[in-house]
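The residues making up each chain are set out below.
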Amino acid sequence: MANSKYAYVRNFELPDPLLPGCFLVCRLDGHAFHRFSDEHGFTKPNDERALELMEHAAKDLMSEYNDIVLAFGESDEFSFLLRKSTHLYNRRHAKILTTVTSYFTSCYVFHWPEYFPGKPLRYPPSFDGRIVQYPDEQAIRDYFAWRQADTHINNLYNTVFWALIQQGGKTTAEAHATLTGTVSSQKNEMLFQRFKINYNETSARFRKGSVVVREVATQDATDANPMPPQPPAVQAETSRPSPKARKGDKTKMAIQVLHCDVIGDEFWKARPHLLA
Ligand code: ATP
Ligand code: ATP
Ligand code: MG
Ligand code: MG
Ligand code: MG
Ligand code: MG
């Protein structure tokens, strides 16, 4: 065989399976987005267009991969939960991570002009990615609680920090110094007393982050959040269609973005399929 002399190199490609029966969380994070956000004139502390673009890319990814049941995003990051029994790409670590990261990145670039009209990309953005395997439901709930708590802590800090600069006329160094050692209640108080900002009345998108789930599409939700026709989802090496999405099933599932609490029980009790 003409090829056989070389074929041994294939043996250096080692299998990289993810553990069976574990939940998989794939977290993507923008590479050097501190600079990227500066160079593209993101509004500080929260550029809503940029967050909506992240949400759009996350929804596209979930349309493509049925086994992603839940996503959570804040700032330049998004976490995706794959159901524990997924057979996607035979649970090959690199195959899943690279296709997910690359598809998300492509969608981000693809949709950029819709969110930043008249502001062409100055250079190609990229995202890093990792997959973490979790053995049980509690760890998954704690993982999403951890990300949402992070969203809150960062957003509260950033909201006061930028108020001190934009409305208070402070330099960044002065704003940092003012906030050093303060606790949440002091930051809330400072926002209210000095800047008349009631933190709890600021946008839930900023305070809670973005939760993306498949929900039964009610008439209202469909109207408020129309879904364009989607290309066929990736079924490669997956064994069964996602529940409620079988052929002939009248129930319409739509991918929805929510800005709700995932720390308490309510979210999870209403959606037991997420941890099934
Ligand atoms: P790394 O490559 O290590 O992730 P990074 O510069 O991306 O470096 P992060 O910790 O991921 O660092 O922080 C992302 C930064 O991008 C934020 O601190 C913020 O400055 C900016 N950023 C991201 N999204 C937004 C947004 N929607 N609005 C305003 N700024 C944003
Ligand atoms: P996988 O996702 O497993 O990689 P694949 O369809 O990409 O599946 P490959 O073995 O990577 O399979 O093969 C890529 C295929 O893409 C080729 O077989 C060919 O049909 C097509 N292709 C790629 N590049 C070109 C090109 N420059 N001109 C014509 N066809 C191309
Ligand atoms: Mg990082
Ligand atoms: Mg980053
Ligand atoms: Mg980040
Ligand atoms: Mg290929």
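Within an unreviewed UniProt entry, the label attached to the chain reads tRNA(His) guanylyltransferase, and the organism entered is Paxillus rubicundulus Ve08.2h10. As recorded by UniProt, the Function (unreviewed entry) comment attached to the chain reads in full: "Adds a GMP to the 5'-end of tRNA(His) after transcription and RNase P cleavage."

**Examining the site of ligand 1**
Taken together, 15 residues lie around ligand 1, and Phe 33, His 34, Ser 37, Asp 47 and Ala 50 are the ones closest in. Mapped by element, the contributors of at least two residues to the shell around ligand 1 are strand S1 (23–30), helix H2 (33–39) and helix H3 (48–64). With three residues, H2 is the largest single contributor of residues to the shell around ligand 1. In the shell around ligand 1, the residues fall into five nonpolar, six polar and four charged.

**Details of the pairing of strand S3 (residues 77–82)**
Among the six residues in S3, five count as buried, and that is most of the element. One ladder, built from six bridges, connects S1 with S3; its direction is antiparallel. By the bridge assignment for S3, Cys 26 is matched with Phe 80. Connecting the antiparallel pair strand S2 (residues 68–74) and S3 is a turn made up of two residues, with Ser 75 showing a positive phi of about 50 degrees.

**A closer look at the UniProt feature "domain: tRNAHis guanylyltransferase catalytic" (unreviewed entry) in the chain**
Under the local residue numbering, the UniProt record ascribes the feature "domain: tRNAHis guanylyltransferase catalytic" (unreviewed entry) to residues 6–135. Split by type, residues 6–135 is 38% helix and 22% strand. Its first and last C-alpha atoms lie 41 Å apart.

**A few points about the packing of helix H5 (residues 137–166) against helix H6 (residues 172–179)**
Relative orientation and spacing of two packed helices are given, respectively, by the angle between their axes and the distance between those axes. At a minimum axis distance of 9 Å, the contact between H5 and H6 shows a crossing angle of 130 degrees. The orientation of H5 relative to H6 falls into the category oblique. Crossing hand, H5 versus H6: right-handed. Every residue of H6 that contacts H5 at Tyr 157, Val 160, Phe 161, Leu 164 and Ile 165 is listed here: Thr 172, Ala 175, Thr 178 and Leu 179. Residue composition of the contact of H5 with H6, grouped by class: seven nonpolar, two polar and no charged.

About the cut-offs
- Residues numbered from 1 in each chain as written.
- Chains lettered and ligands numbered in written order.
- Predicted model: local features only at pLDDT ≥ 70, side-chain atom pairs only at ≥ 80, totals over all residues.
- UniProt positions renumbered as here; feature names shortened; annotations may be inferred.
- Near = placed C-beta within 6 Å.
- Helix = DSSP H or I, 4+ residues; strand = E, 2+ residues; numbered from the N terminus.
- Nonpolar A, V, L, I, M, F, W, Y, C, P; charged D, E, K, R; others polar.
- Buried ≥ 20, exposed ≤ 12 C-beta atoms within 10 Å, placed from the backbone.
- Pairing = 2+ DSSP bridges.
- Axes fitted to C-alpha atoms, helices over the stretch in contact; angles between N-to-C directions.
- Parallel < 35°, antiparallel > 145°, perpendicular 65-115°, else oblique.
- Left-handed = near helix turned anticlockwise from the far one by under 90°.
- Contact = placed C-beta atoms within 7 Å.

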